[in-house]
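Coordinates in review
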Amino acid sequence: MSEAAPSTPLLDQYAGVKARYPGHLVLFRVGDFFETFGDDARLLSRELDVVLTARGPDARGDRVPMAGVPHHAVETYLARLVGKGYKVALCDQVEDARFAKGLVRREVTRVVTPGTVVEDRILGGPDHSFLACVVADGDGAGAFAAVDITTGDWFHGPADGPDVDGLLSALAPLQPREILWHDVRTDGAALAGGLRREHPSARLETAPPPLAEAELPAAFPAETGAGPLVVEADRRLAAYLRATQPRLLPHLALVARGPGGRRLVLDAKTLRHLEIVRPMNPDDPRGPTLLDRLDETVTPPGRRTLAFWLTNPLADLRAIGERQDAVEHLRARGAGLETLRRALSEVPDVARTASRIAGRRSRPGELSALRAGLAAAARLVPRLADPGAPPVLERIARSLAAPPALVELLRAALPDAALEPGDDGPRFRAGYAPEVDGWRSRESAALAALAALERTEAERTGIRTLKIGYNQVFGYYLEVTRPHLARVPADWRRRQTVAQAERYTTDRLEALEREVREAREGAEEAEGAAWEQFLTEVDRHVAAVHAVARAVGELDALAAFARLAQTRGYVRPTVDASRGLVIRDGRHPVLEQDLGAAFVPNDTELDGAGERLLVLTGPNMSGKSTYMRQVGLLVLLAQSGSFVPARFARVGLVTKLFTRMGFTDAIGRGKSSFLVEMSEVAEILRDADDRSLVLLDEVGRGTSTFDGLALAWAILRHLHDVTRARSVLATHYHQLTELIAALPGARNAHLAVREEPGGLVFLHRLVPGSTDRSLGVHVARLAGIPDDVLDEADRLLRRLEADGVRLPSARGKRAARYTQAVLLADPADSEAPLRAELDRLDPERLAPEELRAALRALQARARSSRPPGGDAP
Ligand code: ADP
Ligand code: MG
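One structure accompanies this document, and this report is about it.

About the criteria used
- Residues numbered from 1 in each chain as written.
- Chains lettered and ligands numbered in written order.
- Predicted model: local features only at pLDDT ≥ 70, side-chain atom pairs only at ≥ 80, totals over all residues.
- Heavy atoms only, no water.
- Helix = DSSP H or I, 4+ residues; strand = E, 2+ residues; numbered from the N terminus.
- Buried < 20%, exposed > 50% of the residue type's maximum accessible area, 1.4 Å probe, protein only.
- Contact = heavy atoms within 4.5 Å.
- Areas by Shrake-Rupley, 256 points an atom, 1.4 Å probe, with all protein chains shown as cover.
- Pairing = 2+ DSSP bridges.
- Axes fitted to C-alpha atoms, helices over the stretch in contact; angles between N-to-C directions.
- Core = buried A, V, L, I, M, F, W, Y, C linked by side-chain atoms within 4.5 Å.
- Salt bridge = Lys/Arg side-chain N within 4 Å of Asp/Glu carboxyl O.
- Parallel < 35°, antiparallel > 145°, perpendicular 65-115°, else oblique.
- Left-handed = near helix turned anticlockwise from the far one by under 90°.
- Nonpolar A, V, L, I, M, F, W, Y, C, P; charged D, E, K, R; others polar.
- Near = heavy atom within 4 Å.
- Polar contact = N/O pair within 3.5 Å; in protein donor to acceptor, adjacent residues only side chain to side chain.
- Patch = residues over 30% accessible without salt bridge, like charges linked within 9 Å, V, L, I, M, F, W, Y side chains within 5 Å.
- Lys, Arg positive; Asp, Glu negative; His and termini not counted.
- Charge placed at Lys NZ, Arg CZ, Asp CG, Glu CD.
- Expected span 1.5 Å × (residues − 1).

A separate point is the overall build of the chain. Counting its secondary structure elements, the chain contains 30 helices and 27 strands. Taking all 873 residues of the chain together, the buried fraction comes to 49%. Across the chain, contacts joining residues at least 24 apart in sequence account for 70% of those joining residues at least 6 apart. With the model as given, the accessible surface of the chain reaches about 41100 Å², and the carbon-plus-sulfur share is 53%.

Here it is as structure tokens:
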């Protein structure tokens, strides 16, 4: 609270908790509400649109702002707060307010942050939810660790390259919801700024001090082979988890991101430009993405795995080949693939269930769901048993069965019938927890005795309508309707009078009531303790359940690839160690879905040693960008292990994929689009090598003709001579194509257009050679620009073409002279009027006096127009 804080014991207690949980939004339980006070109350009111009230006045008569949410709806509000990037501490009452002396004791019982939630309601979908930690050493080296506690997956490794960019690249495919950062030597402003820019919706925090290595999860190999910086990232991440989700920490397992940690590096821009999991246009958040169009998975782990594979493609020939073998095998099953996918679809998200159990955020019914889910996964095993099955499927089959000890534990403990969602008991099968059974049988015995008492007292008194009832305030009672009151015996004591009856109790009834209450409380307590002990036993297998879910996800993603191969005619690409890239009749996997048969397939042929650079020219709308994206997506698919939309494909392994597409993403970033383009290209030129694939769209477009053209040429030259990456460039500068002819590793191509009397027809077919006209005016006509404007543009175009605005090296002199002429006509020439007047002066026609006067006047003007500090008269 920033104001001169009003003070009451309750507010003091709140301030104490706030002090112990800095940076948290503290939700403070008061009665039926979770309240916040002061600045936090204003924030809560604003973010959740709840009413801002005030508490007080205190002893001094001050009031403090207050806002709260009802405790029964707190999950909904938590989801919204965490979604907005807040870190929330729930401070609950930890003793019964009725028995509290003075202030009720309150403690923080739960901390919820965007990267550490396990509740489905807050997660909002099956996709991975990463918490990451990045560490920079101040010398340009960096490392990251990232964990999805809902699936148990923990990845780590060095940055993809030097400096902040290298770290951002490593993090980009993970899209963390929360990022901890630490810069060993500097204040980290550059790192934090970069993270903020690339992950605008993630919550950022400085990383806590590292946990001791001994406290890392047991599943971490003692020697991970990782460098000290990576270990530091691990340990800082672990420290954060110990503070937020201590119960889950022991169950997390280090997982390889790609075999040998190697993956096809896609930086954040490439992920965006290729629209792999998110559409590029922020105004169209439901725009088509590669993931959505390829998503033939049928389970949450499958969807998660597919998304991960597409954003983290492999760069390891063996691993790619193994996935392809599995896809091939599943595809060849024909209709059998559908049977398998149907069986798969019965497996729920057991990974998240396990994490919720370990985090003690599960309802009792979820244990039954876990049992059913594991059984469904185990039923898949015989379906994979096949002597010819490739190694990946064999490995998956081995991982699909949960440990027998867990299966037996669940069978022995849980009742046969699953609990209804929202039902809390009975939780155990009879015989599993004897103490609970003991209390339960005492309870039923007491209830039976109550029923017997009703009968015997009715007989003894002759009151046939005698009923034993129960209410919250008076407990059990014998109820006698008015006509029978005379028969009430003397040993009954009256308790309550209601409209048509009197209610009584007896010693025996009170004793039974005590017995029922004790038995219930005993059962509840014993069940709670036995449940916790049972969960502790289940905990031992959490990592194993995560492994089952991983196997389910892998199988489902492979089955999805096989399904694409079956239904969309994808073929198995040859991925090898060459530097070639050959695609016959390639199709854009997303656009093909929208256009169907209207989509025009195209070939690609690049070779790192020979012709490695393709320059596309052609008018707008001819299909240049589509073609370039298609090349990138096919390589990405091939290295994810998928088959590809083509008649044939051979891909020489690519280790880095760079793209630079259009200039839409400059908007709202406070940089000129040209500066953004150039800094992106600079990055590419620095980081790309001869195993890279470079796709540059509309190079040099963001500036005036000569700059852009010259830069485009220099960039192209560098890619060709120095980087030697396989590259496709699209350009508006058809002047470039003349120069390309001189480069042995470069080739021109364009997308064919047919000019017809009615206008242009785009054929979208790639043909060799360049086009010499940009045809922009024709495209403008298509777009409906009025005829007079078009005619004017056409005239201007002809004149410009006739004047030949060319590269300096071609017809540079003319351009240079033109520039000079413009400079000579400088309108700021201050002596021009003086010269003109001198010129008009005619000495022959003036008298000597007149001449002298005119000269003096001119002299005076000349002196006054001289710069200050000039000669004095
Ligand atoms: P450019 O980059 O040359 O301006 P685009 O790649 O943006 O052109 O393509 C423009 C439009 O042309 C696309 O939206 C699509 O509808 C169509 N198109 C592009 N390539 C093809 C193709 N191979 N087959 C059919 N239609 C295509
Ligand atoms: Mg384009």
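As a further point, take the sheet that holds strand β12 (residues 253–254). Read from one edge of the open sheet, six strands run β11-β10-β7-β8-β9-β12, paired in mixed fashion. Looking along the sheet, the strands with just one partner apiece sit at the ends: β11 (203–206) and β12. Bridging between strand β8 (residues 142–148) and strand β9 (residues 153–158) involves six bridges; their strand directions are antiparallel. Of the residues in β9, the one forming a bridge with Ala145 is His156. Helix-sheet contacts for helix α6 (residues 189–198) involve β7 (131–136), β10 (178–183) and β11, and the interaxial angle to β10 is about 160°.

One finds Trp154 and Phe534 to be the most contacted residues of the largest nonpolar core, which totals 149 residues. The greatest single-element share of this core, amounting to 14 residues, is contributed by helix α20 (residues 542–568). When neighbours within four sequence positions are excluded, Phe534 is seen to be in contact with Leu367, Leu409, Leu410, Ala413, Leu414, Phe428 and Tyr432.

What follows deals with the pattern of salt bridges. One pass over the full model with this rule turns up 69 salt bridges. Among the salt bridges present, the one from Glu322 reaches Arg318, with a minimum N-O distance of 3.4 Å. Within this pair, Glu322 and its partner Arg318 are both found in helix α11 (residues 317–331), separated by four residues, close to a single helical turn. Of the residues examined, Arg318 reaches a relative accessible area of 65% and is grouped as exposed. Glu611 serves as the salt-bridge partner of Arg747, at 2.4 Å between the closest nitrogen and oxygen. Of this pair, Arg747 sits in strand β26 (residues 746–756) while Glu611 sits in the loop between β20 (602–607) and β21 (613–617), placing them 136 residues apart in sequence. With relative accessibility at 26%, the residue Arg747 sits in the partly exposed group. Several salt bridges share partner residues, and in doing so they unite Glu296, Glu338, Arg341, Arg563 and Arg568 into one network.

Right, let's get into the packing of helix α10 (residues 300–311) against α20. Axis separation between α10 and α20 bottoms out at 7 Å; the angle between their running directions is 70°. Accordingly, the angle class assigned to the pair α10 and α20 is roughly perpendicular. Regarding α10 and α20, the two cross each other, and that crossing is right-handed. In this structure, α10 contributes Pro301, Gly302, Thr305, Leu306 and Trp309 to the contact, and α20 contributes Ala549, Val552, Gly553, Glu554, Asp556, Ala557, Leu558 and Phe561. Here the contact of α10 with α20 is built from residues that sort into eight nonpolar, three polar and two charged.

A few words now on unusual backbone geometry. In this structure, Glu275 takes a positive phi of about 50° despite not being glycine. Turning to its location among the elements, Glu275 is positioned in the loop between α8 (268–273) and α9 (290–294). On the basis of relative accessible area, Glu275 is assigned to the partly exposed category, the value being 23%. With a phi close to 75°, Met621 is a non-glycine residue in the positive phi region. Relative to the elements of secondary structure, Met621 occurs in the loop between β21 and α22 (624–640). For Met621, a relative accessible area of 60% gives the class exposed.

Close contacts around ligand 1 come from 14 residues, with Val600, Met621, Lys624, Ser625 and Thr626 the closest. At a separation of 2.7 Å, an oxygen atom of ligand 1 approaches a polar backbone atom of Met621. Between ligand 1 and Gly623, the relevant distance is 3.0 Å, taken from an oxygen atom to a main-chain nitrogen or oxygen of the residue. Within the complex, 79% of the 560 Å² of free accessible area of ligand 1 lies under protein.

Judged by side-chain charge, Glu435, Glu521, Glu524 and Glu525 come together as a negatively charged surface patch. It is helix α19 (residues 507–539) that contributes the most residues to the negative patch, three residues altogether. Here Glu435 falls in the exposed class, since its relative accessible area comes to 55%.

Turning our eyes to something else, we now look at helix α18 (residues 434–461). Between its first and last C-alpha atoms α18 spans 40 Å; for 28 residues at 1.5 Å apiece the expected length is 40 Å, and the two agree. Three or more residues of α18 are buried, namely Val436, Glu443, Ala446, Ala449, Leu450, Leu453, Glu457, Ala458 and Thr461. Looking at the buried positions of α18, the neighbouring elements they touch are β14 (467–471), β15 (475–481) and α19. Gly462 sits one or two residues past α18 and shows a positive phi near 75°.

What follows is about the side chain of Glu592. As for its placement among the helices and strands, Glu592 is situated in helix α21 (residues 591–595). Excluding residues that lie within four positions of it along the chain, Glu592 makes contacts with Tyr570, Arg587, Phe599 and Pro645.

A few words now on the pairing of β9. As a general feature of sheets, a regular strand has side chains that alternate between the two faces. The element β9 is extensively covered by neighbouring structure, given that five of its six residues are classed as buried. The hairpin turn running from β8 into β9, its antiparallel successor, is four residues long, and Gly152 in that turn takes a positive phi close to 85°. As defined by bridge partners, β9 adjoins β12 across two bridges and the pair is classed as parallel. If you follow Trp154 over to β12, its bridge partner there is Leu254.

Attention now moves to the sheet that holds β20. Here we have four strands laid out as an open sheet, ordered β18-β22-β19-β20, and mixed in their pairing. Of all the strands in the sheet, just β18 (574–576) and β20 have a single pairing partner and so form its edges. The sheet shows a mean angle of 15° between the axes of neighbouring strands, taken without regard to direction. Note: β18 against strand β22 (residues 648–652), three bridges, orientation parallel. For Asp576, the partnering residue across the bridge sits in β22 and is Gly652.

Here β20 shows a buried face lined by Asn602, Thr604 and Leu606 and an unburied face lined by Asp603, Glu605 and Asp607. Bridge analysis of strand β19 (residues 580–586) against β20 gives five bridges, and the strand direction is antiparallel. Residue Leu581 lies in a different strand from β20, and its bridge partner there is Leu606.

The values are spatial; any link to function lies outside them.
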